[in-house]
Each structure stands twice: as structure tokens, then as C-alpha cells.
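# Breakdown of the fold
Spelled out, the chains give:
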Amino acid sequence: MKRLMTMDTLAAGLCCAALLGSTPVLANDQPGISGQDIYRLYNGYSGEHFYTSNPDEKAALIQKGWVFEGVGWIAPSTGDSVYRLYNPNAQGGDHYYTKDLDEADSLISSGWLMDNDGRPVFYSGGDINLYSAYNPNAVSGAHNYTTNRSEQDSLIHSGWLYDQVAGKALDNGYEETDPSLYERFAGQKFVKNIWGFAGGPSAFLTINADGTYQESNVRLSVRPGIGAEYSEFTGQFSDPVKVDDYTWKVHVISSNLVLPVDTIIDEGNQGTKIMMEPFAGLYAPMDFYIASPEKPIEDYPDFIQAQYNKYPESLKTDFPGSYVLYTPDGMTFMSVVSG
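Described in the following lines is the structure provided in the data block.

### Focus on the side chain of S140
Examined against the element boundaries, S140 turns out to sit in the loop between β12 (128-134) and β13 (143-146). A distance of 2.4 Å separates a polar side-chain atom of S140 from the backbone oxygen of G93. Among all residues touching S140, those that are not within four sequence positions of it are S46, E48, Q91, G92, G93 and D94.

Structure (C-alpha cells):
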């Protein structure tokens, strides 16, 4: 395992903020630090980042489709209390973090709710600045918190407001990566959508030990004279980031078609097919999760649990190396089916 500092690059849109994957920089382990990891998660639908020190809350959000982005920063276990408020009137919901109870009371009078039963969600203290910024164009995800000055500068340059220090931290965040994960199932085939939804079962993915991959997808075509639409591409995955003992998050760094779009392939008796842009599967800049065979079914997202209840043989937990791959939105699901 490597413990990595994360150098995040943000692109702030007019409607919401979307965190893009980035290249981590190796940092030294710091065993002397006594504090709490503040987990950072991202909701791709609302554009909101969420911060918590509670591993159970982290796991529950991941089950609901949030993307885990590692540890945002390390907070002290005691210090100035930080409270979290929730705006139920914002489309998609929105959260705000403050040390100021007077500010919290003012927001509550405007319709916000005190989260976490009014208890602090974490603490502020240390020598490192925790910056906040506000997106005036966002409904949800309007506030961002980071110790990364480069990320903060990127947001302000993109039109975010109120460049200020919201609190203090003991240390910057990090990602714990495991590049050796790919070696465990290198060369094995993942089949996509084993239950036959969102693209059908005729899609296969192979991941190599170095994180490169190959994927192919086929679907029926309604074009005259064309039997099928075909998408075959290769690309590169990031190093897997550990989420828990059974799960890793991966970012698709690149994806490239093996032939130009609209290339027609004549397969003789099999008819013809035409090359398309990727229409299913994993392509840049997506995020997805990989789960080990030991992951308990009750720890999977709801959509996998529901399908598993219908087809309990689909997850071959007794198959050596039968890792499961899925996207947070549930539209892509793959399981190792052969060696």
C-alpha cells in the first residue's frame, strides 16, 4: 500500500462543481499525528462534496452512489467544534459547515436544519489552513472545503467567491493506493451487466497488471444494412484507492477507440457492424468501484443487493478471484466470469 497526498484539479462549472481525477504525489507516512481522518465524498448528480469523520456514514453514502475521494484532511480529535447544517429546500440538498453557532442559528431561522443531532461532526485545530469557497451559481454543492491551496486558487479563478480560512487542520489529506490490485485478476474477463440491463451481457473487459485495459461492447442496430453497433476501446486506469477492506475506487484516465468512428466491419456470415463512440462500459473520465470476493453482499449498493436477491448465483463468490466491478450510478456492473 502507498499513502499518497492528493493534488486535486477542480473544474468549476456554472451550475455545479465537478472534481476531476488527478495524479497523486508520494508523501511520507506521519505516524505521530493524532487525529481524525475527514473523508471526502462527491455526488455526481448534485455536484456536492460531503465531509465526515464517521466511517459508517461514509459507507452509507457510497452505497447510495456517492464517489469516495479519499481523506480530505486530518482534523484533531478535540478542538473548536464544527457543525454541519442541511438545506432541505435546495434542489438535491446542500450542506454547510461552521464553527459559529450564531451563524448556525441564523441559517436555521432561514429554513436550514442542524445535522448530526446538533453534535459536532469534527473539530478544527492545527497549523494548516482549511479553506472554503462559495459558488454563487450552484444550488447544491455551493460550498467547498480544502487544505489544498492550488485547488482553492483554481476555484476562485473559475468564479467562486469568499476565499477564506474556515478552520484549521493537523495535516493535508491523502489517498491510500494499492497498485498490486490489478495483478490479482490480470487477464481474467469481466462480463458487463450480467443480469442483462443497460447494454446487455455481450460486453467484456480485461484489465492488465499495469492498469491498462481493453473493452468491447455490442448492441443491435436499427440502421439499414448494419447488423450491430460496435465499440472497442483501450485505455488506462488510475491506481486503485482503498475505500475499505473489500473495496477500491478507480478513475478512468483515458479511453481510446481502436478504429475510427463509423468504420464498417464486414464479418461475412455474421453480417456487418459499425464502430461507434463508447456507448456503455468504462470510459474517461468515469469513476468506478472494484470489490473483492470477500465483500459481504449487505455492504454492496442497493441496486446490486436487489439484483442479487433475484439472481443469487450471479455473484460467483466461490470462484477464485471473482472480483466485482460497478459504477456508482449502477448503470455498469461487471463480474469476473473466467480465467
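### Looking at the packing of aromatic side chains
Evaluation of the coordinates by the stated rule reveals 20 aromatic pairs. Between Y51 and Y145, the ring centres sit 5.5 Å apart and the planes meet at 85°, which makes this aromatic pair edge-to-face. Taken together, the residues span a long stretch of sequence, with Y51 in strand β6 (residues 49-52) and Y145 in strand β13 at a distance of 94 residues. Look at Y51 and you get buried, because its relative accessible area is 1%. By relative accessible area, which is 4% here, Y145 ends up buried. With a centroid separation of 5.0 Å and 55° between ring planes, the pair formed by F185 and Y323 is classed as tilted. With F185 in the loop between β15 (171-177) and β16 (189-192) and Y323 in the loop between α4 (302-310) and β25 (324-326), the pair connects residues that are 138 residues apart, well separated along the chain. F185 sits in the buried class, given a relative accessible area of 0%.

### Observations concerning the sheet that holds β12
One open sheet holds the 3 strands; their spatial order is β13-β12-β14, and the pairing between them is antiparallel. Edge positions in the sheet fall to β13 and β14 (161-169), since each has one partner strand and no second. Adjacent strand axes in the sheet meet at a mean angle of 25°, parallel and antiparallel pairs treated alike. Sheet topology note: the β12/β13 ladder contains 4 bridges and is antiparallel. Note on β13: the bridge partner recorded for Y131 is T146. Sheet strands touched by helix α3 (residues 149-157): β12, β13 and β14. Its angle to β12, the strand with the most contacts, is close to 20°.

### Quick word on unusual backbone geometry
The omega torsion across A284 and P285 is 0°, close enough to zero to call that bond cis. One can find P285 in the loop between β23 (272-275) and β24 (287-291). One non-glycine residue, D117, lies in the positive phi region at around 55°. Position of D117 relative to the elements: it lies in the loop between β10 (113-114) and β11 (122-124).

### Comments concerning the pattern of salt bridges
Summed over the entire model, instances satisfying the criterion amount to 13 salt bridges. E69 is the partner of R40 in a salt bridge, and the nearest nitrogen-oxygen pair spans 3.0 Å. Pair noted here: R40 is in strand β5 (residues 36-42) and E69 is in strand β7 (residues 67-75), with a separation of 29 residues, a long-range link. Residue classification places R40 among the buried positions, given a relative accessible area of 4%. Judged by relative accessible area, which is 9%, E69 ranks as buried. A salt bridge links R119 to D117, with the nearest nitrogen and oxygen atoms 3.4 Å apart.

Parameters and conventions
Residues numbered from 1 in each chain as written. Predicted model: local features only at pLDDT ≥ 70, side-chain atom pairs only at ≥ 80, totals over all residues. Heavy atoms only, no water. Helix = DSSP H or I, 4+ residues; strand = E, 2+ residues; numbered from the N terminus. Polar contact = N/O pair within 3.5 Å; in protein donor to acceptor, adjacent residues only side chain to side chain. Contact = heavy atoms within 4.5 Å. Phe/Tyr/Trp six-rings, centres within 6.5 Å; stacked < 30°, edge-to-face > 60°. Buried < 20%, exposed > 50% of the residue type's maximum accessible area, 1.4 Å probe, protein only. Pairing = 2+ DSSP bridges. Axes fitted to C-alpha atoms, helices over the stretch in contact; angles between N-to-C directions. Salt bridge = Lys/Arg side-chain N within 4 Å of Asp/Glu carboxyl O.

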